[in-house]
Amino acid sequence: MYTKFTRLRRRPFPEQTDPESAPYALTRPLLPETPGAGGTGWAHARWAGWAGSLAPGEGAAPRNLRAAPAAFPGGRLAGGPGRCGAEVGGCGTRAESRGGRDLAELEGAGERGSGGPRGPAERASGVSAAAPGERAGDGAPSRAVAGASAMFAGLQDLGVANGEDLKETLTNCTEPLKAIEQFQTENGVLLPSLQSALPFLDLHGTPRLEFHQSVFDELRDKLLERVSAIASEGKAEERYKKLEDLLEKSFSLVKMPSLQPVVMCVMKHLPKVPEKKLKLVMADKELYRACAVEVKRQIWQDNQALFGDEVSPLLKQYILEKESALFSTELSVLHNFFSPSPKTRRQGEVVQRLTRMVGKNVKLYDMVLQFLRTLFLRTRNVHYCTLRAELLMSLHDLDVGEICTVDPCHKFTWCLDACIRERFVDSKRARELQGFLDGVKKGQEQVLGDLSMILCDPFAINTLALSTVRHLQELVGQETLPRDSPDLLLLLRLLALGQGAWDMIDSQVFKEPKMEVELITRFLPMLMSFLVDDYTFNVDQKLPAEEKAPVSYPNTLPESFTKFLQEQRMACEVGLYYVLHITKQRNKNALLRLLPGLVETFGDLAFGDIFLHLLTGNLALLADEFALEDFCSSLFDGFFLTASPRKENVHRHALRLLIHLHPRVAPSKLEALQKALEPTGQSGEAVKELYSQLGEKLEQLDHRKPSPAQAAETPALELPLPSVPAPAPL
């Protein structure tokens, strides 16, 4: 018996560990110091801090996204100020009135685990009785003991003895050895055959703690399997009743790390966790982090601020990923920003995590749409439009009918997604898209706000613009005017709706923008005449020398063309994609003709990241032309350098192009460009990093080239070849 007692003394129970050596987590207060609205003040503060932390040009969130007005009035998924929007302002007062009872209940749990009920004086002061050997003024040890006591408080509610019971027993007993033996008998594994086997473990030096821990782990795993089985068998009402009863009995153990997974598993399988328990979880950061996403959804749907706190880092990460892709150091026509298929893009981390967070909850999906609309309105960042479409199609891939059937944009987005996958809008899908637009009923015009946002997705704009240029080429061969092509007019209608998304959401006037008549009757025919010039010149160059006529490529632009690029967004967008088309065709003459017209465009669209990303990739096909100083001067001096001092993104794209093609550029021109692109004091770190990379590339290039002196001293090796006699015939 004495041997058993000394072994037990060497291996104290976890709850009797010296408070001085307790982990730091146990010395913290159990609850947030300022719970605010039902214990969520920390979430409000963090969300508001993130919302105002970014600059508007960096895909920033608004300073107070929760206070932003709903983008679209009316319908729930059409952007109306549904229930989730209205509850943002009211959740604080409701939760605040109930917060006191919840905190009192949590504090009561800590009181029950601190060694029994307190005396009147202790309850009045809120201070627990000091353990023997502890001074009342020692704050950290007493907090550690209180934390450990609260952790194991639920055991007493279930009639299971804990460390406090053992301490009380040993304090009041007269025979400690008998008391310990009785405690072990009552609280050990109640299996008669086990009592004779335990001494064998002692002989092998296996601690009792290790044995009991292994038994505990095995039982916990079996219990987790059983909970999952209960959640999947029988009628819904019966299994949910069993789970609710199990949660009621086990919830008091939720703070015990060893049993917490069981409680969380039960909550995970309940479609509706009792509100009282949800509030207790929400009030404790550690419990909130530990609970499954299925439980968090039930918390988030009534707490928009807390949901925003979870979503905001994902939105920021998504924007950074898109911007990083646009400034990739790789220049290629085959591997650019638009190369990944829609399904591949939807497998990205951010989209998948958002899909998992939303699940089948329509209310959470509506909240995400409100966040995206508001951020798009505040920042004009079109990547939020991409995320809006990708999230819907990700839910479509998982066949989440609860959301897809109530989103009025689902079928339209599905059809457009197929067009983006093919990078072309054919006649059949064009008619389907037109049917969706024409089917918007009176009184439901706010749906146009969401449709325009989906069409504003850069991947949708890219597909529509490429299809427009392709249709213009076909019309040239058919000798048909643009106004006589219904498919072309529909493409322009979709393009106009997408480009007018921000204005529509900002003005709250849900009407399709009017098509400029001159765009169809003057600008597009002018663009078709450019295509005819290209065909004529190319055919002439392929003729035999004796049949060639002295034809020179036109090198001037009509003044009206430049005016269209400056004053009409639609004309500018189509014109820029025509420039990308001729560059991809390696048409140097057409490019040099159009470059002067790109210096001043509508909203500086020619200096946008998406156009410059595609242009620099296509220019890699004209690598041999960079050896000509006239070509480099027109491209860099006449285009890039006109905006690089005032636009950092242009500076970065020019450096990307030069890093990739510097071996082809003439040395004198390369030196001048290196000086012109040198960063200033106001330049960002990205520009300085790219310039440093360019300097390293040029140094490597200089080392590979032989010096002029070495080239002159090296004699030409001209040795006559020895004559070899022909072999004799066999």
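Residues numbered from 1 in each chain as written. Predicted model: local features only at pLDDT ≥ 70, side-chain atom pairs only at ≥ 80, totals over all residues. Heavy atoms only, no water.

### Examining the pattern of salt bridges
Argument step 1. By the definition in use, this model includes 30 salt bridges.
Argument step 2. The salt bridge involving aspartate 450 is made with arginine 373; its shortest N-O contact spans 3.1 Å. Within this pair, whereas aspartate 450 is found in helix α24 (residues 447-455), its partner arginine 373 is found in helix α19 (residues 362-379), the two being separated by 77 residues in sequence.
Argument step 3. Judged by relative accessible area, aspartate 450 falls into the buried class, the value being 1%.
Argument step 4. For arginine 373, a relative accessible area of 1% puts it in the buried group.
Argument step 5. Through salt bridges with shared partners, a single ionic network connects Arg373, Arg388, Asp407 and Asp450. (Salt bridge = Lys/Arg side-chain N within 4 Å of Asp/Glu carboxyl O. Helix = DSSP H or I, 4+ residues; strand = E, 2+ residues; numbered from the N terminus. Buried < 20%, exposed > 50% of the residue type's maximum accessible area, 1.4 Å probe, protein only.)

### Comments concerning the packing of aromatic side chains
Argument step 1. Across all of its chains, the model carries 16 aromatic pairs by this definition.
Argument step 2. Between phenylalanine 537 and tyrosine 553, the aromatic rings sit 5.3 Å apart at their centres with planes inclined by 85 degrees, giving edge-to-face as the arrangement. Here phenylalanine 537, found in helix α28 (residues 517-542), pairs with tyrosine 553, found in the loop between α28 and α29 (559-567); they are 16 residues apart in sequence, far enough to count as distant. Summarising the burial analysis for this pair, phenylalanine 537 and tyrosine 553 share the class buried.
Argument step 3. Among the aromatic residues, those joined into a ring-pair cluster are Phe607, Phe626, Phe631, Phe636, Phe639 and Phe640.
Argument step 4. The ring of tryptophan 502 has arginine 380 lying over it, and the distance from NZ or CZ to the ring centre is 3.4 Å. (Phe/Tyr/Trp six-rings, centres within 6.5 Å; stacked < 30°, edge-to-face > 60°. Lys NZ or Arg CZ within 6 Å of the ring centre and 35° of its normal.)

### Thoughts on the side chain of threonine 463
Argument step 1. Inspection of the secondary structure puts threonine 463 in helix α25 (residues 458-478).
Argument step 2. The residues contacting threonine 463, other than those within four sequence positions of it, are Cys419, Ile420, Arg423, Phe424 and Val425. (Contact = heavy atoms within 4.5 Å.)

### Observations regarding a negative patch on the surface
Argument step 1. Side chains of Glu685, Glu689, Glu696, Glu699 and Asp702 sit close together on the surface and give a patch of like negative charge.
Argument step 2. Judged by relative accessible area, glutamate 689 falls into the partly exposed class, the value being 46%. (Patch = residues over 30% accessible without salt bridge, like charges linked within 9 Å, V, L, I, M, F, W, Y side chains within 5 Å. Areas by Shrake-Rupley, 256 points an atom, 1.4 Å probe, with all protein chains shown as cover. Lys, Arg positive; Asp, Glu negative; His and termini not counted. Charge placed at Lys NZ, Arg CZ, Asp CG, Glu CD.)

### Some points on the confidence of the model for the protein
Argument step 1. Confidence in the prediction for the protein averages 79 pLDDT; 74% of positions are at 70 or higher.
Argument step 2. Predicted confidence is poor over residues 1-76, with pLDDT under 50, and the contacts of this stretch with residues over four places away or in other chains come to 151 contacts.
Argument step 3. pLDDT under 50 marks residues 78-142. Its contacts with residues more than four places away, or in other chains, come to 81 contacts. (pLDDT = per-residue confidence, 0-100.)

### Looking at the side chain of serine 394
Argument step 1. Tracing the backbone shows serine 394 in helix α20 (residues 383-397).
Argument step 2. Residue class for serine 394 comes out buried when judged on its relative accessible area of 2%.
Argument step 3. Residue contacts for serine 394: discarding those within four places in its chain leaves Arg346, Val351, Gln352 and Thr355.

### Points about α24
Argument step 1. With nine of nine residues buried, α24 is to be regarded as a mostly interior element.
Argument step 2. For α24, every residue scored as buried is listed here: Val447, Leu448, Gly449, Asp450, Leu451, Ser452, Met453, Ile454 and Leu455.

### Focus on unusual backbone geometry
Argument step 1. Of note, the phi angle at glutamate 479 is positive, near 55 degrees, even though the residue is not glycine.
Argument step 2. Mapped onto the elements, glutamate 479 comes out in the loop between α25 and α26 (486-499).
Argument step 3. Judged by its relative accessible area of 74%, glutamate 479 falls in the exposed class.
Argument step 4. Even without a glycine there, the phi angle at glutamine 508 is positive, about 60 degrees.

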